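Observations on the model geometry
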Amino acid sequence: MKDQTRTPLFTGLLEHIEKHPTQFHIPGHKQGNAAEPAFRSFLGDNAFKMDLINIEPLDDLHHPNSIIKEAQELAADAFGADYTFFSVQGTSGAIMTMVMSVCSPGDKIIVPRNVHKSVTSAIIFSGAVPVFIHPELDPILGISHGITPRAVKHALEAHPDAKAVLVINPTYFGVAADLESIVEIAHYYEIPVLVDEAHGVHIHFHQSLPLSAMQAGADIAATSVHKLGGSLTQSSVLNLQGNRISHERVQTILSMLTTTSTSYLLMASLDTARKQLATMGHSQINRAIGMANKARKSINELQYIYCTGKEILGTEAAFSFDPTKLIISVKDLGITGYDAEVWLRKTHNIEVELSDLYNVLCIITPGDSEQTIEKLISALQELEKSMLPLSSKNEVKVTIPDIPLLALAPRDAFYSETELIPFSEAAGRISAESIMVYPPGIPIFIPGEIITDENIAYIWKNIDAGLPVQGLQDETLETIRVIKEYKAFN
């Protein structure tokens with residue numbers, strides 16, 4: 001184990017700043033001297049002093065050989081990886097790198113349907129052909145869980161020529177599948193396992209949480225440090241182990257997708273967040289779990305609002321669970337999750353992580369306190385009282401549409417000749433666009449899939465509920481681009 005108290009990148013930046021060099025290089029604000037005064041005053045001088053570029057003393061993320069290299073090696077040691085790459089393009093950039101490192105045009109990749117839109121983008125960029133697996137649907141909460149080892153096995157039996165299996169671990173809602181078994185099955189076929197670990201940076205550092213991608217033996221994982229690990233927004237890491245994927249290939253692809261003006265503020269935050277996770281993560285996460293469980297207990301004392309716990313487990317798709325995610329079901333109140341989100345914002349100045357037709361999701365981290373937990377509980381108590389006239393324990397049928405038929409490879413569809421038609425008349429046509437409810441960004445259909453009446457009805461259901469449906473070029477959702485059809489002439 002390396003000395004995880006060290007922060008070579010952050011320390012190197014401080015040492016450079018303390019030399020007070022005269023800068024004849026970008027950024028043009030020159031340590032904040034040319035920045036707008038109110039903005040500079042709010043951020044403070046230190047943020048501008050650290051907003052530097054890849055001059056020789058500060059190393060280069062595209063070809064690291066000194067302080068960035070050391071920082072990445074410490075991160076690899078902390079995450080149990082052979083290699084760790086810093087991403088200043090967020091986890092989306094890291095996910096696209098994973099897919100494009102293993103897939104060429106025409107290659108198959110096995111993916112769960114509830115993938116983030118960055119996976120869809122990577123499939124289009126790479127020219128890969130997705131083989132979708134439907135994740136298990138929770139009939140009570142109306143959310144998607146993980147994919148099962150059995151489903152992965154069946155997919156690989158049908159498509160042994162697939163180049164990779166992509167798994168979400170854990171899901172946006174904190175539920176993890178049996179990743180270890182999935183890895184074992186995929187490796188039997190000598191196929192690498194790619195993991196979208198956007199919502200699981202902390203799970204590696206506490207034994208009560210689901211296994212991390214590296215602990216489960218996965219080959220590569222895009223891990224979002226900024227979401228739950230304490231770094232600044234847009235900073236993530238890509239962890240790699242084993243020899244199924246070339247680390248040189250990963251570095252090349254990541255460099256292709258990364259700005260040459262890499263943010264040292266973001267990279268320094270990754271360096272320091274890694275230190276905190278490695279040295280204090282267990283105790284801090286332990287405290288967060290305690291606060292979350294206290295909140296869950298109080299919420300479940302309410303009559304019409306429910307917060308799921310370990311009872312969600314028991315299937316291969318819901319194999320383990322992150323209790324710091326509070327999935328708060330409000331459907332028995334007779335309102336949507338979006339209604340609850342708006343009410344909490346307007347009446348208590350509380351912002352939730354996301355809402356859907358049935359739930360709101362709140363995340364608890366070491367940055368929370370007894371006071372923030374009490375504020376949430378008090379607000380939910382008031383929400384229930386204010387909505388009692390609407391409340392009912394009637395059974396709510398929870399459904400999501402079937403996966404549409406893929407008629408064209410997504411890249412072929414994206415670059416095909418298209419035409420614009422009314423969205424209401426799109427059933428039966430091949431889409432040239434993606435559409436999703438974001439967050440969390442799960443596609444309802446993607447380029448190359450045949451649009452169904454069921455898709456359209458589901459989209460309108462979400463729109464009517466006030467949920468953020470997006471992805472089409474026409475933001476009004478009145479029209480959609482579809483593959484152009486030519487009429488036969490006699």
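A short tour of the structure in this document, coming up. (Residues numbered from 1 in each chain as written. Predicted model: local features only at pLDDT ≥ 70, side-chain atom pairs only at ≥ 80, totals over all residues. Heavy atoms only, no water.)

Going from Ile 26 to Pro 27, the amide bond is cis rather than trans, its omega being 5 degrees. Mapped onto the secondary structure, Pro 27 falls in the loop between helix H1 (8-18) and helix H2 (37-43). Between Asn 169 and the following residue, Pro 170, the backbone shows a cis peptide bond with an omega angle of -10 degrees. Examined against the element boundaries, Pro 170 turns out to sit in the loop between strand E4 (164-168) and strand E5 (175-176). Its identity is not glycine, yet Glu 190 carries a phi of approximately 60 degrees, on the positive side. You can see Glu 190 is positioned in the loop between helix H8 (179-188) and strand E6 (193-197). (Helix = DSSP H or I, 4+ residues; strand = E, 2+ residues; numbered from the N terminus.)

With that out of the way, let us pick up the sheet that holds strand E13 (residues 359-363). Taken in spatial order, the 4 strands make up an open sheet running E9-E11-E13-E12, and their pairing is antiparallel. Each edge of the open sheet carries a strand with a single partner, namely strand E9 (306-307) and strand E12 (354-355). As judged from the 2 bridges shared by E9 and strand E11 (residues 325-329), these two strands associate in the antiparallel manner. In the strand pairing of E11, Tyr 306 is matched with Ser 329. (Pairing = 2+ DSSP bridges.)

A surface patch of nonpolar side chains, amounting to about 370 Å² of accessible area, comprises Phe 39, Phe 42 and Leu 43. By relative accessible area, Phe 39 is classed as partly exposed at 47%. (Patch = residues over 30% accessible without salt bridge, like charges linked within 9 Å, V, L, I, M, F, W, Y side chains within 5 Å. Areas by Shrake-Rupley, 256 points an atom, 1.4 Å probe, with all protein chains shown as cover. Salt bridge = Lys/Arg side-chain N within 4 Å of Asp/Glu carboxyl O. Buried < 20%, exposed > 50% of the residue type's maximum accessible area, 1.4 Å probe, protein only.)

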